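The residues making up each chain are set out below.
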2 protein chains.
Amino acid sequence: MANQQKTSASSGKEGAAEGQTINAPSLLDLTSDNITPNTIRINSQGDNARLIYLMSRLVTHLHDFARETRLSTNEWMAALDFLVRCGQISSDVRHEFILLSDVLGLSLLVDSIDHPKPPSSTEGSLLGPFHTHDAPTLASGEDMSDDPEGEPLLALCTVKDTKGNPVPGVKIDIWETDSSGHYDVQHADRGGVPSGRCVMVSDSEGTFRFRAIRPVSYPIPHDGPVGKLLRLLGRHCWRPAHMHFTFEKDQWDKLVTALYIRGDPYESSDAVFGVKKSLVVDLDKVDGETAKKYGVDVGGEGGMWLLRYDFVLVSEEEAQELRDRNAIEALAKLGLTHLKLVDHLPVPEVD
Amino acid sequence: MANQQKTSASSGKEGAAEGQTINAPSLLDLTSDNITPNTIRINSQGDNARLIYLMSRLVTHLHDFARETRLSTNEWMAALDFLVRCGQISSDVRHEFILLSDVLGLSLLVDSIDHPKPPSSTEGSLLGPFHTHDAPTLASGEDMSDDPEGEPLLALCTVKDTKGNPVPGVKIDIWETDSSGHYDVQHADRGGVPSGRCVMVSDSEGTFRFRAIRPVSYPIPHDGPVGKLLRLLGRHCWRPAHMHFTFEKDQWDKLVTALYIRGDPYESSDAVFGVKKSLVVDLDKVDGETAKKYGVDVGGEGGMWLLRYDFVLVSEEEAQELRDRNAIEALAKLGLTHLKLVDHLPVPEVD
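Residues numbered from 1 in each chain as written. Chains lettered and ligands numbered in written order. Predicted model: local features only at pLDDT ≥ 70, side-chain atom pairs only at ≥ 80, totals over all residues. Heavy atoms only, no water.

Scanning chain A for helices and strands turns up nine helices and 13 strands. Counting only C-alpha atoms and orienting by the principal axes, one finds that chain A spans roughly 85 × 45 × 40 Å. Out of the 351 residues in chain A, the part that is buried amounts to 56%. Of the contacts made within chain A by residues no fewer than 6 positions apart, 69% connect residues no fewer than 24 positions apart. Per element, the accessible surface of chain A, about 15400 Å² overall, is 50% carbon and sulfur. Measuring between centres, the 35 positive side-chain charges of chain A sit 2 Å from its 53 negative side-chain charges. (Helix = DSSP H or I, 4+ residues; strand = E, 2+ residues; numbered from the N terminus. Buried < 20%, exposed > 50% of the residue type's maximum accessible area, 1.4 Å probe, protein only. Contact = heavy atoms within 4.5 Å. Areas by Shrake-Rupley, 256 points an atom, 1.4 Å probe, with all protein chains shown as cover. Lys, Arg positive; Asp, Glu negative; His and termini not counted. Charge placed at Lys NZ, Arg CZ, Asp CG, Glu CD.)

Pasting the structure below:
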């Protein structure tokens, strides 16, 4: 610890001898009336204009929140302790702050801002906290589920552009829970073996197909601080049955979405606001001809569910243009006329 | 994990069979234009009016922040990862979120809202993350420091009310760093033994005195995410030399404050905005007469520093009245005329 201080003091930037002038705005006698501009002022000494803008808006909203609510010391402390608990329950396979962002509607909002979709394309949905980077790449038609209790499902999908042309070579991440409503990473005995998730690559006709199980509705993790918050708010913690997908290819805007199974009791009350009507699908049963064509066995008691969906990607260029247009419109609507876009993100105009 | 789901599903409140109606607002096709009122709506199902109000303002500010900044997915993810790291570096003796609140000016703001001070009373300053609950109670005149490297200091203080009457029986917590600028809890080998901190009780004349060391300036913990943020912002992480005090007694508003030593190079650039002119003190040297009176030995090379301060407490009633008055004024100024105070905190009027 003594070393740490010495390092800082000797770096020149951080330490200063008595009487030496510090290169920083003067901060004395700060009150609820002047703390905000002064915090913004001292946060604006760096050279990253975007960071300065983000921090100035963050501090403004944070302080306005406290002033409008007359936030009490007890409430403030309870909130800070809540945040510590969110961090401490997080792990390599659990991100409680993504979950918090999800239940507060922020995840959906950020996706809609950063990945705007023209009318002819597939809408986005939120990533959620259960995507991993260790899913196996499967060949067309393989089964990503290891759950014998699940109802088998065949998915026949295509990936096209907004003009209807197939997009080959897209990397597609797919993941869903097992039949008990848990992702593989939620099982303590998962070890390093992924299950219920895979990576596929679309073929020259833009198609991909895989076997899985029929998704089930499930509660989001509610044994932690976010679950406790939902209970305090009188909210349920369920998500309707769905399967997650992401689509990635150079020069195409990354699509993060999910398909929802029609008729789920939580279809219109998703705890994390993910459902869009265009993403709700009807499942059929695989008939004999289709089974034969794709070499699947539908001999089981309940047969096999059939999921068909045609995904439509947006090019990076299209997305960029739409994002910029939306940004300019939104900022004008908010009266923020002193901003300009740099690298497609708003920063204040230099005076 | 399977058990967990079963518990939830069988609780009746959270689970629902297919086709069953969920008692919640309908949430479908949410976009950046309608996510905010819908999130507020679903957060307003409970019966805690204060919590509903806090959440509605939190969600509004959080969403407005994303819309105004056109927050990108990468920035959002970086922020959520930052919050995880803040939680994970926190421990029983380190609260990184208090530190974050401190450097963003929120701590100072909340203290000024919740503990307003009439002109004749001692101003507040922030608690900081290093207060503990295990400090030993010392008798008048005892030494709270174990640091032979520190410059010895004698503190002669009084506690009075705003009319000048002594307040006896006040529990006073006092803490400061050692001469290297570290609190006892920052030393890995602290074990359970507090040092540089004590609890005193004011006597029948409202006085208390103790020995300590002359405070030194020090950097706030900067080996974690908050330190990294300060570097990104071009801010230094130093606090001017100070000693912390809290004052507690039934029917008196808790005073959280600190005294700052005049002439410190960081006096007007405190990293956490704590300095008020009325809390900056001049140190004298203990003269022979004073030494004799209080039975202290000033025979050391540098003699002994003398700190004198008269603290003035506010009654709970006075503080409550001022807090309510400030709240009503602030809400009117913000145009929030639909609010009323319940238990001294604003909640919306029932329509």
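A few words now on helix α2 (residues 35–42) of chain B. The periodicity of an α-helix, 3.6 residues per turn, causes residues three or four places apart in sequence to face the same way. Of all the residues in α2 of chain B, the buried ones are I35, T36, N38, T39 and I42 of chain B. One side of α2 of chain B carries all its buried residues, which in axial view fall inside an arc of 165 degrees. On its buried face, α2 of chain B is in contact with α5 (96–103) and α6 (106–114) of chain A together with α3 (49–69) of chain B. (Arc of directions from axis to C-beta.)

Glancing now at the UniProt feature "domain: Intradiol ring-cleavage dioxygenases" (unreviewed entry) in chain A. Within the UniProt annotation, "domain: Intradiol ring-cleavage dioxygenases" (unreviewed entry) is assigned to residues 143–300 of chain A. When the span residues 143–300 of chain A is considered, its composition is 9% helix and 30% strand, and the gap between its end C-alpha atoms is 16 Å. (UniProt positions renumbered as here; feature names shortened; annotations may be inferred.)

On to empty space enclosed by the protein. Residues and elements named next belong to chain B. All chains considered together, the criterion is met by seven cavities of 30 Å³ or more. Taken as a whole, the largest cavity spans an internal volume of roughly 80 Å³. Looking at the largest cavity, it is lined by 15 residues, and the ones nearest its centre are D102, G128, P129, Y218 and R239. Residues of the lining of the largest cavity, tallied by class, amount to eleven nonpolar, two polar and two charged. (1 Å grid on protein atoms, 1.4 Å probe; cavity = no way out; pocket = protein on both sides within 12 Å on 5 of 7 lines; lining within 4 Å. Points joined across faces, edges and corners; volume = space filled by probe spheres on them. Nonpolar A, V, L, I, M, F, W, Y, C, P; charged D, E, K, R; others polar.)

This part is about the packing of helix α3 (residues 49–69) of chain A against α3 of chain B. Taken N-terminus to C-terminus, the directions of α3 of chain A and α3 of chain B make an angle of 160 degrees; their axes are 10 Å apart at the nearest point. Our classification of the angle between α3 of chain A and α3 of chain B gives roughly antiparallel. Viewed along their axes, α3 of chain A and α3 of chain B form a crossing whose handedness is right-handed. Of α3 of chain B, the residues touching α3 of chain A (which contributes R50, Y53, L54, R57, L58, H61, D64, F65, E68 and T69 of chain A) are R50, Y53, L54, R57, L58, H61, D64, F65, E68 and T69 of chain B. For the contact of α3 of chain A with α3 of chain B, the per-class residue count stands at eight nonpolar, four polar and eight charged. (Axes fitted to C-alpha atoms, helices over the stretch in contact; angles between N-to-C directions. Parallel < 35°, antiparallel > 145°, perpendicular 65-115°, else oblique. Left-handed = near helix turned anticlockwise from the far one by under 90°.)

Let us look at the sheet that holds strand β8 (residues 255–261) of chain A. Residue and element names in this part refer to chain A. Read across the sheet, five strands follow the order β3-β2-β7-β8-β9 without closing on themselves; strand pairing throughout is mixed. With partners counted over all chains shown, the strands left at the sheet margins are β3 (197–201) and β9 (280–281), one partner each. As defined by bridge partners, strand β7 (residues 242–248) adjoins β8 across six bridges and the pair is classed as antiparallel. Bridge assignment links H244 to a residue of β8, and that residue is A258. (Pairing = 2+ DSSP bridges.)

A separate point is the packing of helix α4 (residues 73–89) of chain B against helix α5 (residues 96–103) of chain B. Relative placement of two packed helices is described by the angle separating their axes and the distance separating the axes. Residue and element names in this part refer to chain B. Viewed as axis vectors pointing N to C, α4 and α5 meet at an angle of 125 degrees, and their least axial separation amounts to 8 Å. Classified by the angle their axes make, α4 and α5 are oblique. Contacts between α4 and α5 involve F82, L83, C86, G87 and I89 on the former and, on the latter, E96, F97 and L100. Among the residues making up the contact of α4 with α5, the classes are represented as six nonpolar, one polar and one charged.

The next thing to look at is the interface of chain B and chain A. Counting from both sides, the interface comprises 120 residues of chain B and, opposite them, 120 residues of chain A. For the chain B and chain A pair, buried surface summed over both sides reaches about 10300 Å², with 64% attributable to carbon and sulfur atoms. Remark: the boundary between chain B and chain A carries six salt bridges. The residue K277 of chain A makes a salt bridge to D29 of chain B at a minimum N-O spacing of 3.1 Å. (Buried area = accessible area lost by both parts, 1.4 Å probe. Salt bridge = Lys/Arg side-chain N within 4 Å of Asp/Glu carboxyl O.)

Moving on, we come to the nonpolar core. L100, V103 and I220 of chain A together with L100, V103 and I220 of chain B are the most contacted members of the largest nonpolar core, which totals 78 residues. Filtering out sequence-adjacent residues up to four positions away, L100 of chain B remains in contact with F82, V226 and L229 of chain B. (Core = buried A, V, L, I, M, F, W, Y, C linked by side-chain atoms within 4.5 Å.)

It is worth spelling out the environment of V84 of chain B at this point. Residue and element names in this part refer to chain B. Tracing the backbone through its elements, the reader meets V84 in helix α4. Taking the relative accessible area as the measure of exposure, V84 reaches 11% and is therefore buried. Along the backbone, V84 and P225 are 141 residues apart, and their C-alpha atoms lie at a distance of 9.5 Å.

The next point concerns the packing of aromatic side chains. Enumeration over the complete set of coordinates arrives at 23 aromatic pairs over all chains. The interplanar angle of 90 degrees and the centroid separation of 5.4 Å between the aromatic rings of Y183 of chain A and Y218 of chain A together place this pair among those described as edge-to-face. Taken together, the residues Y183 of chain A in the loop between β2 (171–175) and β3 and Y218 of chain A in strand β5 (residues 218–219) connect sequence positions 35 residues apart. A residue is classified by how much of its surface remains accessible, and Y183 of chain A, at 0% relative accessible area, is buried. On the basis of relative accessible area, Y218 of chain A is assigned to the buried category, the value being 2%. Their ring planes at 20 degrees and their centres at 4.6 Å tell us that F130 of chain B and Y183 of chain B sit as a pair that is stacked. A residue pair is termed long-range when its members are at least 10 positions apart, and F130 of chain B in the loop between α6 (106–114) and β1 (152–160) and Y183 of chain B in the loop between β2 (171–175) and β3 (197–201) qualify at 53 residues. One aromatic cluster in this structure is built from F208, F210, F245, F247, Y309 and F311 of chain A. (Phe/Tyr/Trp six-rings, centres within 6.5 Å; stacked < 30°, edge-to-face > 60°.)

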